[in-house]
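Residue-level listing of the chains:
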Amino acid sequence: MKDALLHIENLTLGFKQNGVLSPVLKKVNFQLFKNEILGIVGESGSGKSVTNLAVLGLLPRKTTVINSGKILYGGRDLLTLKETNLQKIRGKEISMIFQEPMSSLNPSMTCGKQVTEILKRHTNLAKNDLKKQVLALFKQVKLPRPEGVFKSYPHQISGGQKQRVMIAMAIACKPKILIADEPTTALDVTVQKDIINLLKELQRE
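Sequence order as written defines residue numbering, which begins from 1 separately in each chain. Reporting of local features is limited, given that this is a predicted model, to residues whose pLDDT is at least 70; pairs of side-chain atoms are given and counted only at 80 or more, and all residues count toward the totals for whole chains, interfaces and linings. The side-chain values count all of the structure's non-hydrogen atoms but skip hydrogen atoms and water molecules.

Quick look at unusual backbone geometry
Then, in step 1: Despite not being glycine, Asn 18 shows a phi value in the positive range, around 55°.
Then, in step 2: Secondary structure elements follow DSSP: runs of H or I of four or more residues count as helices, runs of E of two or more count as strands, with numbering from the N terminus. Assignment of secondary structure puts Asn 18 in the loop between strand S1 (6-17) and strand S2 (20-32).
Then, in step 3: The exposure class of Asn 18 is exposed, given its relative accessible area of 78%.
Then, in step 4: Unusually for a residue other than glycine, Asn 35 sits at a positive phi of about 65°.
Then, in step 5: Structurally, Asn 35 is set in the loop between S2 and helix H1 (48-55). Whether a residue is buried, partly exposed or exposed follows from its accessible area with a 1.4 Å probe, protein chains only, as a fraction of its type maximum: under 20%, in between, or over 50%, in that order.

This is how it looks when you write it as structure tokens:
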């Protein structure tokens, strides 16, 4: 266990609504090691996304009931951390590429500004270097016309390009763990293959 980058131990939780508890996860156990690609497989509604969101502390606190378990990262149980401490980890050390980029990207902000925001939060880059770094990330994820995408709003670019912006945002701070929650679901087959190959390239790097 001590060699695992992430260790989920007997995680059991559910959601409470109108006094009724609906169980979702029951005794989930797995370990993730450095430089490993780990696949979590299950039918729709089995709790894959809930597990991912639990790692990042993104489940609704008022309705989530954690019956048992730990999520251990860097010697700390993420389930016991305050929101301010989680924010320091989220995006910097553990990142997530969400399933649907259109609902995950802010429609009122340009793509460039959205990636800039995460760099501002977690790095000490000078103002002049922020845009350079975002453009470098856009090139790394093979976005065509990085300058154009930087100035574009999410609705002005294609689904595949939006997903690449999400990936650029997720890898911006070189996280130790990158969670990909079905990142190709909304994309056509050709783009799906490109995204998977891109993620494998980034993992190798």
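Focus: the state of the cysteines
Then, in step 1: Disulfide: a pair of cysteine sulfur atoms within 2.5 Å of each other. In total, this model carries zero disulfides according to the counting rule given.
Then, in step 2: Of all cysteine sulfurs in the structure, the one in Cys 173 sits closest to Cys 111, which takes part in no disulfide; the separation is 17 Å.

What to know about the pairing of strand S3 (residues 64-73)
Then, in step 1: For two strands to pair, DSSP has to find at least two bridges joining them. With eight bridges joining them, S1 and S3 adopt antiparallel strand pairing. Each bridged residue has a counterpart across the sheet, and for His 7 the counterpart in S3 is Leu 72.
Then, in step 2: Alignment of S3 against strand S4 (residues 76-77), held across two bridges, turns out to be antiparallel. If you follow Tyr 73 over to S4, its bridge partner there is Arg 76.
Then, in step 3: A loop of two residues connects S3 with S4, the two strands running antiparallel in sequence, and Gly 74 in this loop sits at a positive phi of about 60°.

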